[in-house]
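Reading the structure
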Amino acid sequence: MRLRHRLSAGMCFALQLAALPAFAQEKTTPDDAERPLAVEETAAEKKQAQKDEVNLKSPSSHSWFDDVEGHIVVEAGVNGNPWTKTGRNWAQSYVDRANTATLNQITGTISHPVTELGDGYGLGFVFEVLYGSDARFNPTIGMGDGNLTGIYQWTPTQAHIDAHLPWLTKGGIDLQIGQQYGIQGFEGTDALERPFYSYNYSSDYIVPFETVGVLATWHMTDHAALVLGVNAGNSTTFGHAKNNSRPKGYFGFQFTELADGKLDVAAIGYFGPQQSVYAIGREANHDMEYIGDLLASYKINDKTTVTLNATYFHDDYLRDDVYGVTAYFAHDFSDELTFNARGEIFRDNNGGVVGNNTSPMSYVNELRGQNYPYDYAPGTTYGELTVGVTYRPGFLKLPKGSFSIRPEVRLDKSLNGTRPFNRVSPTDDPNVNYANNGMNNMFWFSCDAIWAF
């Protein structure tokens, strides 16, 4: 989410292990009268015995720490936009560099699933660090921000303790305490948590990226959960790194496996002041921000899923209302090939939210409440259509993990006559450019590759 403050220009901006149950044949031991004096092992039994794993460890020697897991995800991509005059793709953060190959992320995760400790209580954790160009837009102020200042940076993205409490209902309460990804929207930061290389406008400009605090999910029934959370704010933490002195938080509901298990719905709001006291003073403690997000996903059959995501944003200080609706379609042609389509309509009423950060440190300095270079546009209604595939080549015999390629073709268009794409003009502020003398559309194509292990 972009938190624009006014500048001198007057604008601102459970991997189920094998999911195959090990159905071991139950063998009965005969009593002494029935036991033969000698048993000859058949050839088939000898062959099977060579395949069976032998576990000499006593079950009692298994400790909680034996379930610690480590994973790495590597994503790199390239995009083409031959019509741009700025070297950038307008209104894009993670894939902003046009006609450029980029190492987007090397993400390393150490985690432990929530495992029962006894009496229904469970404990786990997640710790994750990201290095690459994506780290420019995933910092948490006060947690290593600014250690690297080029296009390739590093940032901690998750550091939370997970707990299950067997309280109130049969499903109990799940807690996450610490730094965690935002829970609104459909497209996540992790390369495997979104269907395309590029992002939709809502995920790029409205929903929180990172929070530090406490998130509770109360499973009221088998299909309904209440979500509550309190945190320091979007991409900020506590002490001198906080953006203001007021708490922020989530409130919403999640419904799963409705309509015979085919429908999942989540309605979650995020509320609190988000502007920085270092930029606008004590007013930042009082000017509220409201984000509402509705996500519904329906599984038509085992191969086809449709998803609808609607998001609304209002900021008292910016006096801007921003909202969008995105529809997704996914169809599995095979285990190796998935077709994806995305269509979006997105409105930024006064142009105070959508833009381009033009320095690798722009977003970090924006969160810090400092001046930063950026491009902005007038109020625009954006339309966006993206089609692509995810190809998982089965002929590749990797030593470890999985590999996928995601080519896509995308068309962005202004639906209200503005011309923000592919060109900007200077203003009286040397750090700020204005985008309204370019094109009314942007046709571009991208491809990324992901290796996860």
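For the structure, see preceding data.
All values derive from a computational prediction rather than experimental measurement.

**Digging into the nonpolar core**
Judged by nonpolar contacts, the single largest core of 29 residues is most densely connected at Trp-90, Ile-206, Phe-313, Phe-346, Val-354 and Tyr-382. Filtering out sequence-adjacent residues up to four positions away, Tyr-382 remains in contact with Trp-90, Tyr-201, Glu-344, Ile-345, Phe-346, Val-354, Ala-377, Lys-413, Leu-415, Pro-420 and Phe-421. Ranked by size, the runner-up nonpolar core spans 10 residues in total, among them Phe-137, Ile-141, Tyr-199 and Val-364.

**Quick look at the side chain of Ser-235**
With respect to the secondary-structure elements, Ser-235 resides in the loop between β7 (224–231) and β8 (248–257). You can call Ser-235 buried: its relative accessible area is 0%. For Ser-235, the side chain forms a polar contact with the main-chain oxygen of Pro-139, separated by 3.4 Å. Not counting the four nearest positions on each side in its chain, Ser-235 is found in contact with Pro-139, Thr-140, Ile-141, Phe-209, Glu-210, Tyr-363 and Leu-367.

**A closer look at the environment of Ile-300**
Looking at the secondary structure, you find Ile-300 in the loop between β10 (288–299) and β11 (304–315). Note: C-alpha distance between Ile-300 and Lys-262 (38 residues apart in sequence) is 7.1 Å. Among residues more than four places away in sequence, those in contact with Ile-300 are Lys-262, Thr-305 and Val-306.

**A closer look at the pairing of strand β2 (residues 100–118)**
Pairing geometry for strand β1 (residues 69–80) and β2, over 11 bridges, is antiparallel. For Glu-75, the partnering residue across the bridge sits in β2 and is Gln-105. Where β2 meets strand β3 (residues 121–132), 10 bridges bridge the pair, whose relative direction is antiparallel. Bridge pairing in β3 links Thr-107 to Leu-130.

About the cut-offs
Residues numbered from 1 in each chain as written. Predicted model: local features only at pLDDT ≥ 70, side-chain atom pairs only at ≥ 80, totals over all residues. Heavy atoms only, no water. Core = buried A, V, L, I, M, F, W, Y, C linked by side-chain atoms within 4.5 Å. Buried < 20%, exposed > 50% of the residue type's maximum accessible area, 1.4 Å probe, protein only. Contact = heavy atoms within 4.5 Å. Helix = DSSP H or I, 4+ residues; strand = E, 2+ residues; numbered from the N terminus. Polar contact = N/O pair within 3.5 Å; in protein donor to acceptor, adjacent residues only side chain to side chain. Pairing = 2+ DSSP bridges.

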